[in-house]
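Residue strings, one per chain:
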Amino acid sequence: MRAGGAVTARVPAKLNLQLAVGPRRADGYHGLVTVFHAVSLFDEVTAEPASQDGVTVTGEGADRVPADKDNLALRAVTALRAAVGGAARAARVHITITKRIPVAAGLAGGSADAAGALVACNELWRSGLDQQQLGTVAAKVGSDVAFALLGGTAVGRGRGEQLTPALAPATAYHWVLAFADGQLSTPDVYAMLDRLRARQAGAGGEPPSPGAKAELGTGQPSRGGARGERGDGQPPRAGGPRKVGPREIELSAALMTALRSGDPTRVGRALSNDLQPAAVALFPALRKTLAAGLELGALGALVAGSGPTCAFLASNANRALDLAVSLSGAGVCRSVARVTGPVPGTVILPDPKTAK
Ligand code: C5P
């Protein structure tokens, strides 16, 4: 155990550079092919011995995080205790979460806190689980928790919990995040996607109405020369905008090639998110936010995960600063943040009492 008996882990938010969603499975989840990308917006999670399990949440949106056993970090503690047994069975912890990742924003903040709790308790209890074993526990807690442990850029399959790190040059990508004035529930967004797909299937595969066409969208707002391109960089399919599926889901070759090239312009063109039409249908103001970012020169734009945060890729740090300033002046979001990616997954911070 550490001096002072407290361990603090730092955990990143994530974007999905591709999020391809298959049909709803029998267990209620959707099969995914996704490219996760960890970005430099971090929560901190401290675990320390206590007489009973508990959680305190401070920082960005803390009042909207459950502080009882529904808290994902506490669920992670319970899952880890069950996995390691032994002395951990009797050990109780207090978890303190300092939030910078907004809540219910599509950035996997809850999953980040769960990953932080896993790593901090693994260290506090000297459980000795390796990355892979922690990943197995993480997958039981939530679909995005395993990636929050791993970080970097990685392909996710299954519910998103089966991970393969993406080999790519050490490029730092510069992103601007536009935080929305409101939240979206992930299950609601998946359910909306199912409804849009059912409507589309009912309408013989065509968008059901001109109004709904924008909801169905392409997953990638059009911009200049990219107009009409599919989110995966392929030419548009005959018959107009890409259908919301369900269709066979596959890893975007265009995105993987772009990531290997390290060229942000190519990466920007290859971003795609199947959940985007559903997020926009539930939160129509996002359409304006996405369009504004592209007009202001972003190389690519997309809704982060299930939203409502929007992410914009810039060609370098200066462009990101310009974009952030212009976006916050345009009145199309609550606030903005500049972040870079990829960044490492969950790391234990040095103990301030022993660090020089
Ligand atoms: O796994 P997690 O608790 O983060 O997922 C939250 C919700 O998002 C699930 O209950 C489900 O409604 C939806 N989801 C899904 N398919 C996935 C991941 C999440 O339908 N692959």
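Values in this document were obtained by computation on a predicted structure and should not be read as measured data.

Undergrad: Looking at this structure, I do not really get the overall build of the chain. What am I missing?
TA: Scanning the chain for helices and strands turns up 11 helices and 12 strands. In the chain, which comprises 356 residues, the proportion classed as buried is 52%. Residue pairs at least 24 apart in sequence account for 76% of intrachain contacts in the chain once pairs closer than 6 positions are excluded. Accessible surface computed for the chain: about 15100 Å², of which carbon and sulfur atoms make up 52%.

Undergrad: I would appreciate a short explanation of the pattern of salt bridges in the present structure.
TA: Charged atoms that come close allow side chains of opposite charge to pair. In the structure shown here, the tally under the stated rule is six salt bridges. Lys99 serves as the salt-bridge partner of Asp113, at 2.8 Å between the closest nitrogen and oxygen. One end of the pair, Asp113, is in helix H2 (residues 109-124); the other, Lys99, is in strand S4 (residues 93-99), and 14 residues separate them in sequence. Among the residues examined, Asp113 registers a relative accessible area of 4% and is labelled buried.

Undergrad: Sorry, what's going on with the nonpolar core here?
TA: Counting 66 residues, the largest nonpolar core has Leu15, Ile95, Leu107 and Trp175 as the members making the most contacts within it. Sorting elements by how many residues they give to this core places H2 first, with nine residues. Ranked by size, the runner-up nonpolar core spans 34 residues in total, among them Met192, Leu193, Ala298 and Ala301.

Undergrad: Help me out: how do you make sense of the pairing of strand S5 (residues 153-158) in this one?
TA: One face of the sheet, then the other: side chains in a regular strand alternate in exactly this way. Across the six residues that make up S5, a large majority, five, are buried. Note that strand S2 (residues 30-49) and S5 share six bridges and pair antiparallel. Bridging across to S5, Thr34 finds its partner in Gly156. Bridge analysis of S5 against strand S6 (residues 162-165) gives four bridges, and the strand direction is antiparallel. Bridged to Arg157 within S6 is Gln162. Between S5 and the antiparallel strand that follows it, S6, lie three residues; Gly160 among them carries a positive phi value of about 120°.

Undergrad: For this particular structure, what's the right way to read the site of the ligand?
TA: The full set of residues close to the ligand is Gly28, Tyr29, His30, Leu32, Gly142, Ser143, Arg159, Thr186, Pro187 and Tyr190. Measuring from an oxygen atom of the ligand, one finds a side-chain N or O atom of His30 at 2.7 Å. With respect to the ligand, the backbone of Arg159 contributes an N or O atom lying 3.2 Å from a nitrogen atom. Coverage of the ligand by the protein chains reaches 77% of its 450 Å² of free accessible surface. Of all elements in the fold, only S2 and helix H5 (186-202) reach the threshold of two or more residues within the shell around the ligand. At three residues, the largest contribution of residues to the shell around the ligand is made by H5. Looking at side-chain class alone, the shell around the ligand contains four nonpolar, five polar and one charged residues.

Undergrad: Would you mind going over unusual backbone geometry with me for this structure?
TA: Glycine aside, residues mostly have negative phi, and peptide bonds are mostly found in the trans state. Residue Gly307 is joined to Pro308 through a cis peptide bond whose omega torsion reads 5°. Along the chain, Pro308 falls in the loop between strand S9 (300-303) and strand S10 (310-314). One non-glycine residue with positive phi stands out, namely Ala104, at about 50°. Along the chain, Ala104 falls in the loop between S4 and H2. Phi at Ala108 is positive, roughly 60°, even though this residue is not glycine. Here Ala108 lies in the loop between S4 and H2.

Undergrad: Help me understand the packing of helix H1 (residues 72-84) against H2, please; the structure alone is not making it clear to me.
TA: Two numbers describe a pair of packed helices, the interaxial angle and the distance between the axes. Where H1 contacts H2, the two axes come as close as 7 Å, and the packing angle between them is 40°. The angle between H1 and H2 falls in the class oblique. Crossing of H1 against H2: the hand is right-handed. Contacts between H1 and H2 involve Leu72, Ala73, Ala76, Val77 and Leu80 on the former and, on the latter, Gly110, Ser111, Asp113, Ala114, Ala117, Leu118, Cys121 and Asn122. Considered class by class, the residues forming the contact of H1 with H2 number nine nonpolar, three polar and one charged.

Rules of the game
Residues numbered from 1 in each chain as written. Predicted model: local features only at pLDDT ≥ 70, side-chain atom pairs only at ≥ 80, totals over all residues. Heavy atoms only, no water. Helix = DSSP H or I, 4+ residues; strand = E, 2+ residues; numbered from the N terminus. Buried < 20%, exposed > 50% of the residue type's maximum accessible area, 1.4 Å probe, protein only. Contact = heavy atoms within 4.5 Å. Areas by Shrake-Rupley, 256 points an atom, 1.4 Å probe, with all protein chains shown as cover. Salt bridge = Lys/Arg side-chain N within 4 Å of Asp/Glu carboxyl O. Core = buried A, V, L, I, M, F, W, Y, C linked by side-chain atoms within 4.5 Å. Pairing = 2+ DSSP bridges. Near = heavy atom within 4 Å. Polar contact = N/O pair within 3.5 Å; in protein donor to acceptor, adjacent residues only side chain to side chain. Nonpolar A, V, L, I, M, F, W, Y, C, P; charged D, E, K, R; others polar. Axes fitted to C-alpha atoms, helices over the stretch in contact; angles between N-to-C directions. Parallel < 35°, antiparallel > 145°, perpendicular 65-115°, else oblique. Left-handed = near helix turned anticlockwise from the far one by under 90°.

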